[in-house]
2 protein chains.
Amino acid sequence: MNKIHTHSYRLAADHTNAQRELPPALLVRQVIECATEHADILGCGFERLQTDGLAWVLSRLAFQMNRYPGIFEDYTISTWIENYNRHFSQRNFEFRTAAGEILGYARTIWVAIDLKTRRPGNIEDFGRLADANDHSRPCPIDPPAKLRPVANPDSIRTYTFRVSDIDFNRHVTSARYVELAINTLSLSDFDANILHRFDIDYKLESHFDNLATIGAATSGPVTDVTISVADRPVCLARLQLSPR
Amino acid sequence: MNKIHTHSYRLAADHTNAQRELPPALLVRQVIECATEHADILGCGFERLQTDGLAWVLSRLAFQMNRYPGIFEDYTISTWIENYNRHFSQRNFEFRTAAGEILGYARTIWVAIDLKTRRPGNIEDFGRLADANDHSRPCPIDPPAKLRPVANPDSIRTYTFRVSDIDFNRHVTSARYVELAINTLSLSDFDANILHRFDIDYKLESHFDNLATIGAATSGPVTDVTISVADRPVCLARLQLSPR
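What counts and how
- Residues numbered from 1 in each chain as written.
- Chains lettered and ligands numbered in written order.
- Predicted model: local features only at pLDDT ≥ 70, side-chain atom pairs only at ≥ 80, totals over all residues.
- Heavy atoms only, no water.
- Contact = heavy atoms within 4.5 Å.
- Buried area = accessible area lost by both parts, 1.4 Å probe.
- Salt bridge = Lys/Arg side-chain N within 4 Å of Asp/Glu carboxyl O.
- Polar contact = N/O pair within 3.5 Å; in protein donor to acceptor, adjacent residues only side chain to side chain.
- Helix = DSSP H or I, 4+ residues; strand = E, 2+ residues; numbered from the N terminus.
- Nonpolar A, V, L, I, M, F, W, Y, C, P; charged D, E, K, R; others polar.
- pLDDT = per-residue confidence, 0-100.
- Least-squares fit on C-alpha atoms with pLDDT ≥ 70 in both.
- Buried < 20%, exposed > 50% of the residue type's maximum accessible area, 1.4 Å probe, protein only.
- Expected span 1.5 Å × (residues − 1).
- 1 Å grid on protein atoms, 1.4 Å probe; cavity = no way out; pocket = protein on both sides within 12 Å on 5 of 7 lines; lining within 4 Å.
- Points joined across faces, edges and corners; volume = space filled by probe spheres on them.
- Pairing = 2+ DSSP bridges.
- Axes fitted to C-alpha atoms, helices over the stretch in contact; angles between N-to-C directions.
- Parallel < 35°, antiparallel > 145°, perpendicular 65-115°, else oblique.
- Left-handed = near helix turned anticlockwise from the far one by under 90°.

Draft legend 1. Broad picture of the interface of chain A and chain B. At the interface, 39 residues of chain A touch 39 residues of chain B. Here chain A packs against chain B, burying approximately 3400 Å² in sum over the two surfaces, 53% of which is carbon and sulfur. Residue Asp-191 of chain A is joined to Arg-170 of chain B by a salt bridge in which the shortest nitrogen-to-oxygen separation is 2.7 Å. Viewed at the interface, chain B and chain A are joined by 16 residue pairs in polar contact (both at pLDDT 80 or more). Contributing elements (two or more residues each) for the side of chain A that touches chain B: α1 (24–41), α2 (46–51), β6 (155–160), α4 (174–182) and α5 (187–192) of chain A. If one sorts the elements of the side of chain A that touches chain B by residue count, α1 of chain A sits on top with four residues. Class assignment of the residues belonging to the side of chain A that touches chain B gives a composition of 15 nonpolar, 11 polar and 13 charged.

Draft legend 2. Expanded view of the confidence of the model for chain A. With 96% of its residues at a pLDDT of 70 or more, chain A has an overall mean of 93. Our summary of model confidence lists the complex with pTM equal to 0.94 and ipTM equal to 0.94.

Draft legend 3. Structural context of the relation of the copies chain A and chain B. Here chain A sits on chain B after a turn of 180 degrees about the axis and a move of 0.0 Å along it, with an RMSD of 0.0 Å. Within this description, the copies of the chain are treated as partners about a two-fold rotation axis. When C-alpha positions in chain A are compared against the rotation axis, the closest is assigned to Tyr-159 of chain A, at 4.3 Å. Take the interface residues of chain A: 100% of them recur as interface residues in chain B, which is what a same-surface contact looks like.

Draft legend 4. Region of interest: helix α4 (residues 174–182) of chain B. Burial analysis of α4 of chain B places nine of its nine residues in the buried class, which makes it a mostly covered element. Those residues of α4 of chain B that fall on the buried side of the exposure criterion are Ser-174, Ala-175, Arg-176, Tyr-177, Val-178, Glu-179, Leu-180, Ala-181 and Ile-182 of chain B.

Draft legend 5. Fine view of unusual backbone geometry. Residues and elements named next belong to chain B. With a phi angle near 70 degrees, Phe-72 is a residue other than glycine that sits in the positive phi range. In this fold, Phe-72 is placed in the loop between β2 (54–65) and β3 (74–84). Assessed through its relative accessible area of 15%, Phe-72 is described here as buried. Within the chain, Arg-118 stands out as a residue other than glycine whose phi angle is a positive 60 degrees. Within the element layout of this structure, Arg-118 appears in the loop between β5 (102–114) and α3 (127–131). Here Arg-118 falls in the partly exposed class, since its relative accessible area comes to 29%.

Draft legend 6. Spatial organisation of helix α1 (residues 24–41) of chain B. Residue and element names in this part refer to chain B. With 18 residues, α1 extends 26 Å from end C-alpha to end C-alpha; this agrees with the ideal 26 Å at 1.5 Å per step. With 14 of 18 residues buried, α1 is to be regarded as a mostly interior element. Once α1 ends, the next one or two residues include Gly-43, with phi positive near 80 degrees.

Draft legend 7. Seen up close, the layout of surface pockets. A volume near 430 Å³ is recorded for the second largest pocket. Surrounding the second largest pocket, 20 residues form its lining, Thr-158 and Tyr-159 of chain A together with Thr-158, Tyr-159 and Thr-160 of chain B being those nearest its centre. Looking at the lining of the second largest pocket, the elements that each hand over two or more residues are β6 and β8 (211–219) of chain A together with β6 (155–160) and α4 of chain B.

Draft legend 8. Just the sheet that holds strand β9 (residues 222–229) of chain B, in detail. All names here are of chain B. Spatially, the 10 strands line up as an open sheet ordered β1-β3-β4-β5-β2-β7-β10-β9-β8-β6, and their pairing is antiparallel. On the outer flanks of this sheet lie β1 (5–10) and β6, each paired with one strand and no other. For this sheet, the mean inter-axis angle between neighbouring strands, taken without regard to orientation, is 25 degrees. Bridge analysis of β9 against strand β10 (residues 232–243) gives eight bridges, and the strand direction is antiparallel. Bridging from a neighbouring strand, Val-225 pairs with Ala-237 of β10. Those strands touched by α4 are β2, β6, β7 (193–202), β8 (211–219), β9 and β10, and its axis lies near 130 degrees from that of β7.

Draft legend 9. Representation of the packing of α1 of chain A against α4 of chain A. Residue and element names in this part refer to chain A. Put simply, α1 and α4 touch, their axes get as near as 9 Å, and they point 160 degrees apart. Judged by the angle between their axes, α1 and α4 are roughly antiparallel. Viewed along their axes, α1 and α4 form a crossing whose handedness is right-handed. Taken together, the residues of α4 that come into contact with α1 (itself represented by Pro-24, Ala-25, Val-28, Arg-29 and Ile-32) are Ser-174, Ala-175, Val-178, Glu-179 and Ile-182. Residue composition of the contact of α1 with α4, grouped by class: seven nonpolar, one polar and two charged.

Written out as structure tokens, the structure reads:
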């Protein structure tokens, strides 16, 4: 039983952002990649769920980084399941350099949705998922925050979801919401600060051609973001900066 | 001398688009990844150029696909240099399945820009680049088309470049223009057709907070796209669809 799955990465120049570091949206893509690989290894991946008409969907995520992998740096992402019940699975991640330095952690909550009803499905017969739990391994960051919609945004932007935003589940892809949240801040914010902690709560699916309204409110180092479609919040996020 | 560099990929579910195929922008990212890896192997990569104050920038690209890698499919991208002079390098690519089926080809033209002046630099002392030329290997697609700005667009959209669009060269990343071009069409266009051929010509750099105007004109299976900033074309593209 591979209770822990580790993927090794090297951060190529063309994968870095303006600060020559791992971009937060790529971090989330790699977290999803590692989760997907581990689920495949455990026999509860995309192919297996599909036979039951289910698909894993990321429901909540938080990551907290001491620093980000830099250009040309070798690092690993290790993932393990902390807990699961028949409706969701809690999966954690540790980011570490090749030299063993801990860069940060992530926590995620996944739901298996029924592809027809788009409602949570039932994953209770995945015995192997239960066997793979590793409660003992530490993940010393707070769980994904319970966020509320921004009441009084200081800034509002709009964005219409297009072809490149849609994934194999035919809804807007998780990483794109991360980008929309990040994009409420300015390049100079990330030059002067690191995104120390990021929380995101995926509430509802969005689809091709939906017009999203992105409201943001900043208070000191914390920016709260609400992405809404047709006046309903589809995604809430919180960014916490810390000076470099 | 590694005249040909090959990278093996497996198309994970979370990397596919709504048609459960390799998305065109990811295809371009992988082309850039393979080019970057090969340049590193040849000793003319990002790290080496940086010591001369230069950086490789993609100037033009064309790809032509019989079909795209599908979900869970294993495929390779092979790259080789067809030609180079002191101002630019022509690098080709072949896409092939693990079973040997040729999926398509790409042609690219790269310029080494001087990071201070942002003008083309001089790469003539890269003897190893010359040795690595492989004129004999076929790349049976036309070179990147010479495109003209769209005179009478049928559709005009705007987009302001934000943090997630900016790369390590602190300009808008090549793949983002591909997405903006793709996004002039609808999800149903890609459900009914494949993007058989794509040409893109990067004319000028765009930067954070620039407001882009995206004009598109469709005539039969061909859509021409012009992305402009402050009334100057920064990027021209052509999409050619073919029914599935």
